[in-house]
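Coordinate analysis (summary)
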Amino acid sequence: MSRFLGRRLGTAILVLFGVSLVTFTLARVIPSNPAALYIGPRARAEEIARVTEELGLNRPLPLQYLDYMGDMLTGDWGTSIGTKRPVLSEILDRLPATLELLITAMVIAVVFGTLLGVLSAQWRGRPPDLVVRLIAIAGVSMPAFWLGLLLQVLFFRQLDLLPLSGRLDTDIRFISPITDVTGFFTIDAFVTGNWVAFGDAAAHLVLPAVTLAAYPIGLIARMTRASMLEALGQDYVRSARAYGIGERTVVYRLALRNALPPTLTVLGLTLAYSLTGAFFVEIVFNWPGLGQFAVDALLNVDYPAVMGIALLGAAGYVLINLAVDIAQAWLDPRVRLA
Amino acid sequence: MSTTTDALLTIDDLRVVFGGRHAPRLTALDGVELRLAPGESLGLVGETGCGKTMTGLSVLRLLPPGAKVSTGSIRFEGEDLLRMPERRMRRLRGSRVTMIFQNPASAFNPVFTIGWQIDRVMSQHLDLDRRGRRERLAEVLGEVGLPDVDRIAAAYPHQLSGGMLQRAMIAMALVNRPSLVIADEPTTALDATIAAQILALLRRLQDEHGFGVLFITHNLPAVRQLCDRVAVLYAGRVIETAPTAELFAAAQHPYTRGLLASAPSVASRGSRLAAIEGSVPPDPGAVIGCSFAPRCPLAFDECRRVRPPAVPITPTHESACLLALEPDTARASA
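Residues numbered from 1 in each chain as written. Chains lettered and ligands numbered in written order. Predicted model: local features only at pLDDT ≥ 70, side-chain atom pairs only at ≥ 80, totals over all residues.

1. Focus on the overall build of chain A
Regarding its fold elements, chain A presents 15 helices and 0 strands. Across its three principal axes, chain A shows a C-alpha extent of roughly 85 × 55 × 40 Å. Here chain A holds 338 residues, and the buried ones make up 37% of them. (Helix = DSSP H or I, 4+ residues; strand = E, 2+ residues; numbered from the N terminus. Buried ≥ 20, exposed ≤ 12 C-beta atoms within 10 Å, placed from the backbone.)

2. Some remarks on the sheet that holds strand β5 (residues 79-80) of chain B
All names here are of chain B. Read from one edge of the open sheet, 4 strands run β2-β1-β4-β5, paired in antiparallel fashion. In this open sheet, the two strands that pair with only one neighbour each are β2 (26-36) and β5. Two elements, strand β1 (residues 9-18) and β2, share 8 bridges in a ladder whose sense is antiparallel. When the sheet's bridge partners are listed, isoleucine 11 is paired in β2 with leucine 34. (Pairing = 2+ DSSP bridges.)

3. A few points about the interface of chain B and chain A
If you look at the interface, chain B gives 23 residues, while chain A gives 17 residues. Of all the secondary-structure elements, those providing two or more residues to the side of chain B that touches chain A are α2 (86-92), β6 (97-100), α3 (104-107) and α4 (114-125) of chain B. For the side of chain B that touches chain A, the element with the highest residue contribution is α4(B), accounting for 4 residues. Its residues assigned to classes, the side of chain B that touches chain A comprises 10 nonpolar, 9 polar and 4 charged. (Contact = placed C-beta atoms within 7 Å. Nonpolar A, V, L, I, M, F, W, Y, C, P; charged D, E, K, R; others polar.)

4. A closer look at helix α12 (residues 247-284) of chain A
Helical geometry: 3.6 residues make up each α-helical turn, so side chains three or four residues apart lie on a common side. Residues and elements named next belong to chain A. Helix length check: α12, at 38 residues, gives a terminal C-alpha distance of 44 Å against a target of 56 Å (1.5 Å per residue), a shortfall beyond 12%. By the largest-angle criterion, leucine 256 marks the main kink of α12, which is about 55°. At the exit of α12 stands asparagine 286, carrying a positive phi of roughly 50°. (Expected span 1.5 Å × (residues − 1). Bend = angle between axes of the 7 residues up to and from the residue.)

5. Considering the sheet that holds strand β8 (residues 212-217) of chain B
Residues and elements named next belong to chain B. With mixed pairing, the 8 strands of this open sheet are ordered in space as β6-β7-β8-β3-β9-β10-β12-β11. Of all strands in the sheet, those bounded by a partner on one side alone are β6 and β11 (311-314). Each strand axis lies, on average, 20° off the axis of its neighbour in the sheet, ignoring direction. As judged from the 4 bridges shared by strand β3 (residues 41-45) and strand β9 (residues 229-234), these two strands associate in the parallel manner. Directly across from glycine 43, in β9, lies its bridge partner valine 230. The sheet contacts of helix α7 (residues 162-174) involve β6 and β7 (180-184), and relative to β6 the element is tilted by about 175°. Across the sheet, helix α11 (residues 254-262) is in contact with β9 and β10 (237-243); its angle to β9 comes to roughly 105°. (Axes fitted to C-alpha atoms, helices over the stretch in contact; angles between N-to-C directions.)

6. A short note on the confidence of the model for chain A
When pLDDT is averaged across chain A, the result is 84; 98% of the residues are at 70 or more. The secondary structure element of chain A with the lowest average pLDDT is helix α2 (residues 34-39) of chain A, at 71, and the one with the highest is helix α11 (residues 235-242) of chain A, at 93. (pLDDT = per-residue confidence, 0-100.)

7. Focus: the nonpolar core
Residues Ala168(B), Ala171(B), Phe215(B) and Val232(B) are the most contacted members of the largest nonpolar core, which totals 115 residues. Residue contributions to this core peak at 9 residues, all from α7(B). When residues of this core are assigned to domains, at least three map to each of domain 1 (4-96 + 178-276) and domain 2 (110-177) of chain B. Ala171(B) has contacts with Ile118(B), Val140(B), Leu141(B), Val144(B) and Leu146(B), leaving out every residue within four places of it along the chain. Grouped together as the second largest cluster of nonpolar side chains are 58 residues, Tyr68(A), Leu271(A), Phe279(A) and Val281(A) included. (Core = buried A, V, L, I, M, F, W, Y, C linked by C-beta atoms within 7 Å. Domains from an automatic or database assignment.)

8. Concerning the domain arrangement of chain B
Residue and element names in this part refer to chain B. Splitting chain B by domain gives domain 1 (4-96 + 178-276) and domain 2 (110-177). Summarising the inter-unit geometry, the C-alpha centres of domain 1 and domain 2 are found 26 Å apart. Each partner contributes to the interface: domain 1 provides 14 residues, whereas domain 2 provides 15 residues. Per-element tally for the side of domain 1 that touches domain 2: the top contributor is helix α8 (residues 192-209), with 6 residues. Residue classes in the side of domain 1 that touches domain 2 are distributed as 10 nonpolar, 3 polar and 1 charged.

9. Description of the pairing of β8(B)
Residue and element names in this part refer to chain B. For β8, a buried count of 6 out of 6 residues is recorded, marking the element as mostly surrounded by other parts of the structure. Residue alternation in β8 divides its side chains into two sets, Gly212, Leu214 and Ile216 and Val213, Phe215 and Thr217, and both sets are buried. For β3 and β8, the ladder comprises 5 bridges, and the chain directions are parallel. Residue pairing in the sheet places valine 45 in a bridge with threonine 217 of β8. Two strands pair when backbone bridges link them, and β7 and β8 are joined in this way by 5 bridges, in the parallel orientation. Residue aspartate 184 lies in a different strand from β8, and its bridge partner there is isoleucine 216. Read from β7 through α8 to β8, the crossover connection turns out right-handed. (Right-handed = clockwise from strand over helix to strand, strands pointing away.)

Written out as structure tokens, the structure is:
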């Protein structure tokens, strides 16, 4: 197990290194003048020269890369050209909001996706199966921004059940402000017993999280259905039934445990996709996460910010897949003990 | 014929059909009759597709999707299994009636330990605490020749050999002290030497504990080693049944004789193996006369018109063949 972990960690670091190299190179070959952008419009030639010197943009690329890596590792991710603030603190300020949304969406996706997939397999070919397959196809094929708008129209305008957008009602800041613990509003409000703020934060979270979860729900449901059907057809399921094991144990414990690994693999890939999906959803729901910042950075060729976000995304992707690999090994002794 | 009260298992006129509504109807079992006394070991032999496994699965009421019992009765310890509510049926499976499967490597769940899986079967049916179950597990693993309890219990299926897995399977089958064990080709997936050990083990355990065995196989020497009595199944019907020694010495039915002749033996070394020409009819239910008649070297006109009833040859030996009925008159009319 430790050898397995070591190998996986090694590859993870290698991938991160590769990504940093690619983002760095891309940011440098994009045909634009970062120094000019940094100063803003109507920059004079001597100013550009000075800033080019200051930012080290005139040094050889390999040296720039080494500087960049050294800075990254010491926590200096450069200064955003757009906001003139350190990229790392810009990112860290917005990260909790994005993570709260992403994690909530993933929990929803895993729980409902798996459940729907299992139900669908159990009722193969009968009405529940058809309903689940319809949901799955809808979830996969509906663009997030459109689904977000639909949900807003339904739950805010028609039913008036859930807030339209944002992370918190403005008056919460005055009535019952949240003490910062983790940056996750729901968790912070919960652990400090701030029920008013908790309810409000949770209500704000529902629509964006569901919107973001729609695609992975569909994917996970379909994957789980397929792998459950395979597992339910195996000899060991027949032997469990022949030994009088209850049907619930047979399905949810004995078969599902075997059906989870393929689902997990899909989950790892979907999570990475959902990180970008989260940016769209954040814009639709005016969610104060990384989304708006990332889009602005891209449109303004704010290369330190773009690089920071790209690296963060890559790190997230690598970490998620590492976690998936570990979970696979934990679930399947044939992987763990091989 | 033995009365039903002292029988462990009585199967009467069991018919199992496939398909129906949308698919064409096919008969898998065409009126199977079986008697099994308590502690008796009955071999159910026949070629692939004759309905052996289907018979075993019918007893547990675990027929594959699409197959269903159309008529007949299965009485186990005096109760009609086909009329039993599903809840009670489930309590029976794995406790009073257990099954040993053909391929132990796939019959165990790959992601749970052997110990956990046997323990789960115990906790489903026995009212024992964790320690009691642990003791029972050690006891039963010892009985099947796996004395290294801790290692076996902590092992996952892929860590054990086929022979060890089949021993563990037998342990699982016996852990709740059943009165009937259905062994469906338990040695087919194993090496010859391991297979012989497994058969000897089953025989010894049966002598010690006195459970009945329904031994489903196409392996005639294995039947000879393990069984008190043999029933030969052909195209979904029992065509001959007799005590093992008598069947091997004096089989009446032409199919049984063909089957015995086609089994390789040391005595027949060097000579060409006998084979039964032709194949089993695809839908035995559609055959009017004797289902073996198209392949039978001794068949005569009557065989294609009349379904032969089970004819007693001795009090313990029956054969469903017109030749057994009135050998002389039958031959005369041929």
